[in-house]
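This is what each chain is made of:
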Amino acid sequence: MDDLGTAYDGPRPARRVVSLVPSLTEALASVDRDAVVGATDWCTHPADLGAARVRGTKNPDLAAVRALEPDVVVANQEENRELDVRRLRESGVRVWVTRIETVPEAVGSMERLLDGLGWERPTWLGEARRLWCGPVPPVSRRVAIPVWRDPWMVVGARTFTGDLARRLGLDNVFADHPDRYPAASPEQVVAAAPDVVLLPDEPYLFTADDGPEVFAGGAGGPDGAGGVATELVSGRLLTWYGPSLLEAHRSLAR
């Protein structure tokens, strides 16, 4: 069964897989890259993956996916559209859907996926479980994590990124917001009193010249909120749930 309870009745091991999720593309390629025959344009890891490209996560080329004759297409409830999943299934294509809102869910979901496809579990997955799925550490810093600008949006409740941050000892000041990715102006971010604002380079590409100035005392113009430290961080390490989990623990836990 996939994470939503749909049974997989394809070949085991699966020999032709199309992935519509960058994290899962990297994870699957770490086990059997030759079996990953299709991936989105956003699937940047591994960099030398030779899979056919089927456009984006939100607008996959369904005809191109079908033409690859996959044993299964791997999707995610948040990153991909239910409409695309439904259309693929209606045309006879098997789709395995993952649902991930915490780091332990990510590890368990990948274990279930690999077992379902008849693939071996890689050593990094066991290490990820050891590093990430134990007791939650005490809070060391309060953080806000914007994910978009114009309009400003931040990580809220029930997100993989928020859970990962908490497992690093970081308390997300918007963790109790009812929305998963609420709108929050720079002034509202400052008012929430984080110790630091973490600015990832994806999905919005925050850089040294685009983002920090808003929280540095108004130097960026009329939307400058001022008065909060910022740090540029890797969006992949904050939001991806594949082999990058090991690198995330080494890098972000410092």
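Please refer to the structure placed before this passage.
This report concerns the structure included in the present document. (Residues numbered from 1 in each chain as written. Predicted model: local features only at pLDDT ≥ 70, side-chain atom pairs only at ≥ 80, totals over all residues. Heavy atoms only, no water.)

### Considerations on unusual backbone geometry
Of note, the amide linkage connecting Arg12 to Pro13 takes the cis form, showing an omega dihedral of 5 degrees. Its location among the elements puts Pro13 in the segment before β1 (17-19). Its identity as a non-glycine residue notwithstanding, Ala193 has a phi of 60 degrees, on the positive side. Secondary-structure assignment places Ala193 in the loop between α7 (186-191) and β10 (196-200). (Helix = DSSP H or I, 4+ residues; strand = E, 2+ residues; numbered from the N terminus.)

### Details of the sheet that holds β1
Spatial ordering of the open sheet is given by β3-β2-β1-β4-β5, a layout of five strands whose pairing is parallel. Each end of this open sheet is capped by a strand with a single partner; those strands are β3 (52-53) and β5 (95-98). Here β1 pairs with strand β4 (residues 72-76) via three bridges, running parallel. Residue pairing for β4: Val17 is matched across the bridge by Val72. In this fold helix α1 (residues 22-32) packs onto β1, β2 (36-39), β4 and β5, with an angle of close to 165 degrees to the strand it touches most, β2. (Pairing = 2+ DSSP bridges. Contact = heavy atoms within 4.5 Å. Axes fitted to C-alpha atoms, helices over the stretch in contact; angles between N-to-C directions.)

### Remarks on the sheet that holds strand β11 (residues 229-233)
Within the open sheet, the four strands sit side by side as β9-β6-β10-β11. Their pairing is parallel. One side of each edge strand has no neighbouring strand; the edge strands of this open sheet are β9 (170-172) and β11. When strand polarity is set aside, the average angle formed by the axes of neighbouring strands in this sheet is 40 degrees. With five bridges joining them, β10 and β11 adopt parallel strand pairing. Within β11, the residue paired with Leu198 across the bridge is Glu231.

### Examining the packing of helix α5 (residues 123-132) against helix α9 (residues 244-252)
Packing of α5 against α9 leaves a shortest axis separation of 9 Å and a crossing angle of 35 degrees. Two packed elements cross with a definite hand, and for α5 against α9 that hand is left-handed. For the pair α5 and α9, the contacting residues are Trp124, Glu127, Ala128, Leu131 and Trp132 in the first and Leu245, Leu246, Ala248 and His249 in the second. Taken together, the residues that form the contact of α5 with α9 break down as seven nonpolar, one polar and one charged. (Left-handed = near helix turned anticlockwise from the far one by under 90°. Nonpolar A, V, L, I, M, F, W, Y, C, P; charged D, E, K, R; others polar.)

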